[in-house]
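# Remarks on the overall topology
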Amino acid sequence: MKRIAWAVLAAAVVLGTSGTAKAQNFFRQMRVDSFVGSGIDLYHHGDYNGALDKFEAALRLSPDDLQVRYNRALDLYALGRFQDAARDFKACLVQQPDFVPALFNLGVTDIALNDYGGAKTIFDQILSDHPTSMRAHFDLGLSQYLSGHADQAEKDFAVATLLHPQYVQAHYDRALALYKTGNLVGADNELGLALKLNSSFAKAYFLRGAIRLRQGDNTEARGQFESAAKTAADPVLKSLCAQIIAQIGV
Amino acid sequence: MPMHFRRILTTAAVSTAVLGGVLFNLSSGSNKSGDPAFAATTPSKNVLDLIDRALSGPAGIEDEGSYNLIDPIGPGASTSVSAADEVYASTLIVGKYTPWQAYRDPFAAAPGTTPPPGPYTPPGPPRRRGGSK
């Protein structure tokens, strides 16, 4: 009888302990979720420092939580702390090597860190598995352009425009890359497509002005720079347009 | 040297000079009208500097703007699967994220629908007795 009583007591202790552990886990996860929820809300409202506090608190409770680390990496990027963001994205990839969003974002962070070689490797890696990834083509184009390979960049932007013809930024970037390689006619055609999609695209008018100027059509160039000045929201671009118009003096 | 011979020489020299000048003018004129590159007045260095400054600055390369990163994942936001889809997509997919809802009320109506009628309905405005008069 005594033995049975001891066995029942031991079982009760074991069950009670495991129940307590489960309850503790449950409540800890609830707190993690709460921190993450607040963090994401703050992130989307632009309070990146507030969001960081929440993600840090969540990571203290659950240091191996991949999603929390990923969210902290995004937040660090938004705060301009690119080295720290890259470290977190890499940690995510160590934990889960096929976590593609972290891989992609590491490539974007490499661009911010001027590590164009690293970025190109990542986007090439994504494209080797998914050759129709529009964003990988576009970002590979950015890496190529920023590392001084306008000719290579033009090819990647061309693919991006073929995959997503409504992507006005890709048309503009392709035009810029063509301009840099000296293909003024090609650049002009691409700008035509960009302006068809967005008729108030100041940068496109500006680049067209530069093309017209190089083609010797000062009157048309002036008109394009005037359109750029009219549509530009950026005061620096407006000011540069005004200075160029004054210099052309048609 | 006889007089008439000297005249012939002078006339020939003048004619050669005039003809040369005319031909030179014609050839440069044809270049100007035929090739726009010749018609162009080369933009001044100042203008080219301003253009280069703009193209490496405010008129420079375009990125995805606020969508350059694949955004947060987790319950209530984008799932890791849809985030991966966003990377692989052959078109631009952005802004699919929903607001975080960690503790959704299981009895709450789904977004965009009206709640089903229950046993309790909130009191409406007080009704006037005695008809419409």
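Residues numbered from 1 in each chain as written. Chains lettered and ligands numbered in written order. Predicted model: local features only at pLDDT ≥ 70, side-chain atom pairs only at ≥ 80, totals over all residues.

### Some words on the overall build of chain B
From N to C terminus, chain B includes 4 helices and 0 strands. When the helices and strands of chain B are listed from N to C terminus, the series reads α-α-α-α. Burial status across chain B gives 14% buried among its 133 residues. (Helix = DSSP H or I, 4+ residues; strand = E, 2+ residues; numbered from the N terminus. Buried ≥ 20, exposed ≤ 12 C-beta atoms within 10 Å, placed from the backbone.)

### Quick notes on the overall build of chain A
When its secondary structure is counted, chain A shows 13 helices and 0 strands. Ordering the α and β elements of chain A from the N terminus gives α-α-α-α-α-α-α-α-α-α-α-α-α. Principal-axis analysis of the C-alpha atoms gives chain A an extent of 110 × 35 × 30 Å. Within chain A, the proportion of its 250 residues that are buried is 44%. For chain A, contacts bridging at least 24 residues in sequence account for 37% of all contacts bridging at least 6. (Contact = placed C-beta atoms within 7 Å.)

### Section: the interface of chain B and chain A
Taken together, the contacts link 41 residues of chain B with 50 residues of chain A. Every element with two or more residues in the side of chain B that touches chain A is listed here: helix 2 (36-39), helix 3 (45-55) and helix 4 (80-88) of chain B. Examining the composition of the side of chain B that touches chain A, we find that 7 residues originate from one element, helix 3 of chain B, more than from any other. Broken down by class, the residue content of the side of chain B that touches chain A amounts to 27 nonpolar, 10 polar and 4 charged. (Nonpolar A, V, L, I, M, F, W, Y, C, P; charged D, E, K, R; others polar.)

### Details of unusual backbone geometry
Even without being glycine, A:Asn114 reaches a positive phi, approximately 60°. Within the secondary structure, A:Asn114 is located in the loop between helix 5 (100-112) and helix 6 (116-129).

### Description of the packing of helix 9 (residues 168-180) of chain A against helix 10 (residues 184-197) of chain A
Residues and elements named next belong to chain A. Two elements in contact, helix 9 and helix 10, have axes separated by 8 Å at closest approach and are oriented at 165°. Comparing their axes, helix 10 and helix 9 come out roughly antiparallel. In this structure, the crossing between helix 9 and helix 10 has a hand that is left-handed. Here Val168, His171, Tyr172, Arg174, Ala175, Leu178 and Tyr179 of helix 9 lie close against helix 10, whose contacting residues are Leu184, Gly186, Ala187, Glu190, Leu191, Leu193, Ala194 and Leu197. Classifying every residue of the contact of helix 9 with helix 10 by side-chain character gives 11 nonpolar, 2 polar and 2 charged. (Axes fitted to C-alpha atoms, helices over the stretch in contact; angles between N-to-C directions. Parallel < 35°, antiparallel > 145°, perpendicular 65-115°, else oblique. Left-handed = near helix turned anticlockwise from the far one by under 90°.)

### Structural notes on the packing of helix 6 of chain A against helix 7 (residues 134-146) of chain A
The axes of two packed helices give the description: the angle between them and the distance between them. All names here are of chain A. Remark: helix 6 packs on helix 7, axes separated minimally by 9 Å, with the N-to-C direction vectors making an angle of 155°. Here helix 6 lies roughly antiparallel to helix 7, going by the angle between them. Between helix 6 and helix 7 lies a crossing whose hand is left-handed. Across the interface between the two elements, Tyr116, Ala119, Lys120, Phe123, Asp124, Ile126 and Leu127 from helix 6 touch Ala136, His137, Asp139, Leu140, Ser143, Gln144 and Leu146 from helix 7. Taken together, the residues that form the contact of helix 6 with helix 7 break down as 8 nonpolar, 3 polar and 3 charged.

### So, the nonpolar core
Formed by 80 residues in total, the largest nonpolar core has its most connected members in A:Ala175, A:Phe206, A:Leu207, A:Ala228, A:Leu237 and A:Cys241. If one sorts the elements of this core by residue count, helix 11 (residues 202-214) of chain A sits on top with 8 residues. (Core = buried A, V, L, I, M, F, W, Y, C linked by C-beta atoms within 7 Å.)

### Observations concerning helix 9 of chain A
Relative to the 18 Å expected for 13 residues at 1.5 Å per residue, helix 9 of chain A spans 19 Å between its end C-alpha atoms, a close match to the ideal helical length. The buried fraction of helix 9 of chain A amounts to 11 of the 13 residues, a majority that puts the element mostly inside the structure. Turning to helix 9 of chain A, its buried residues are A:Gln169, A:Ala170, A:His171, A:Tyr172, A:Asp173, A:Arg174, A:Ala175, A:Leu176, A:Ala177, A:Leu178 and A:Tyr179. The elements touched by buried residues of helix 9 of chain A are helix 7, helix 8 (150-163), helix 10 and helix 11 of chain A together with helix 3 of chain B. The first or second residue beyond helix 9 of chain A is A:Gly182, which carries a positive phi of 95°. (Expected span 1.5 Å × (residues − 1).)

### Quick look at helix 4 (residues 82-95) of chain A
Residues and elements named next belong to chain A. For helix 4, built from 14 residues, the straight-helix expectation of 20 Å at 1.5 Å per residue is met to within 8% by its first-to-last C-alpha distance of 20 Å. Listed as buried for helix 4 are Ala85, Ala86, Asp88, Phe89 and Cys92. Taken around the axis of helix 4, the buried residues stretch over an arc of 165°, which confines them to a single face. Facing away from the buried side of helix 4 by more than 90 degrees, the exposed set consists of Gln83 and Val94. (Arc of directions from axis to C-beta.)

### Describing the confidence of the model for chain B
All names here are of chain B. Per-residue confidence for chain B gives a mean pLDDT of 60; residues scoring 70 or more make up 34%. Of all helices and strands in chain B, the one with the weakest mean pLDDT is helix 2 (40), whereas helix 3 scores best (91). Of the regions scoring below 50 in pLDDT, residues 99-111 engages in 13 contacts with residues more than four places distant in sequence or in other chains. Taken as a whole, residues 115-133 scores under 50 in pLDDT and shows 1 contact with residues more than four places along the chain or in a different chain. What the predictor reports for the complex is a pTM of 0.73 with an ipTM of 0.77. (pLDDT = per-residue confidence, 0-100.)

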